[in-house]
Amino acid sequence: MYQVSANINDVEARKVPLTDEFQLNLEGVAEAIDEHTKLIFICSPNNPTGNSINREDVETLLTNFKGIVVVDEAYINFSRQKTFIQELTEYANLVVYKRFPKHGDWRDCE
């Protein structure tokens, strides 16, 4: 969906494949970003693999990338990984995304 949104808004999107262990490829990310890069999106748990991304790798990006890092936790309720909500006070460039229920019942939102 992020690719579709980028296309609609005429924004370049660069994809960096996960490693063979389905984790962030930090070297690949470092090669893909430049002075024009504004956002990095990370889905954890990832869809469709279902794995959680290594927290230390996400924190490495948060510390070293000057743009915004969005951690998409749409499927966090199906994971043993804890949310990045607590880290919002530590990292000014962190955005944690949680989706709203598809049926529109706002009482189910966290």
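Just so we're clear, the structure is a prediction, and the values are computed from it rather than from any experiment.

**Here's the deal with the sheet that holds strand S1 (residues 39-43)**
The sheet built from three strands is open, its strands ordered S1-S2-S3 with parallel pairing. Looking at the sheet topology across the chains shown, the edges are occupied by S1 and strand S3 (94-97). Pairs of neighbouring strands in the sheet enclose a mean axial angle of 20 degrees, with direction left out of account. When S1 meets strand S2 (residues 68-72), the two strands line up parallel, connected through five bridges. The residue bridging Phe-41 from the neighbouring strand is Val-70, located in S2.

**Details of the environment of Phe-78**
Looking at the element boundaries, Phe-78 is found in the loop between S2 and S3. Overall, the relative accessible area of 70% leaves Phe-78 in the exposed class. Spatially, the C-alpha atom of Phe-78 lies 8.0 Å from that of Pro-45, the residues being 33 residues apart in sequence.

**Focus on the nonpolar core**
Within the largest apolar cluster, 15 residues are counted, with the highest numbers of intra-cluster contacts made by Ile-42, Val-58 and Leu-94. Of all the secondary structure elements, the ones that give two or more residues to this core are S1, helix H3 (55-64), S2 and S3. Top contributing element to this core by residue count: H3, with three residues.

**Some points on the pattern of salt bridges**
In the structure shown here, the tally under the stated rule is four salt bridges. A salt bridge links Arg-14 to Glu-12, with the shortest nitrogen-to-oxygen separation between them at 3.0 Å. Since its relative accessible area comes to 38%, Arg-14 is described here as partly exposed. Among the ionic pairs, Arg-55 bridges to Glu-87, the shortest N-O distance being 3.1 Å. With a gap of 32 residues between them, Arg-55 in helix H3 and Glu-87 in the loop between S2 and S3 connect regions that are remote in the sequence. Exposure remark for Arg-55: the relative accessible area of 16% places this residue in the buried category. Residue classification places Glu-87 among the buried residues on the basis of a relative accessible area of 7%. Linked through salt bridges whose partners overlap, the residues forming this network are Glu-12, Arg-14 and Asp-34.

**As for the side chain of Arg-55**
There is a polar contact of 3.1 Å between the side chain of Arg-55 and the side chain of Glu-87. What Arg-55 contacts, discounting residues up to four positions off in sequence, is Gln-81, Lys-82, Thr-83, Phe-84 and Glu-87.

About the criteria used
- Residues numbered from 1 in each chain as written.
- Predicted model: local features only at pLDDT ≥ 70, side-chain atom pairs only at ≥ 80, totals over all residues.
- Heavy atoms only, no water.
- Pairing = 2+ DSSP bridges.
- Helix = DSSP H or I, 4+ residues; strand = E, 2+ residues; numbered from the N terminus.
- Axes fitted to C-alpha atoms, helices over the stretch in contact; angles between N-to-C directions.
- Buried < 20%, exposed > 50% of the residue type's maximum accessible area, 1.4 Å probe, protein only.
- Core = buried A, V, L, I, M, F, W, Y, C linked by side-chain atoms within 4.5 Å.
- Salt bridge = Lys/Arg side-chain N within 4 Å of Asp/Glu carboxyl O.
- Polar contact = N/O pair within 3.5 Å; in protein donor to acceptor, adjacent residues only side chain to side chain.
- Contact = heavy atoms within 4.5 Å.

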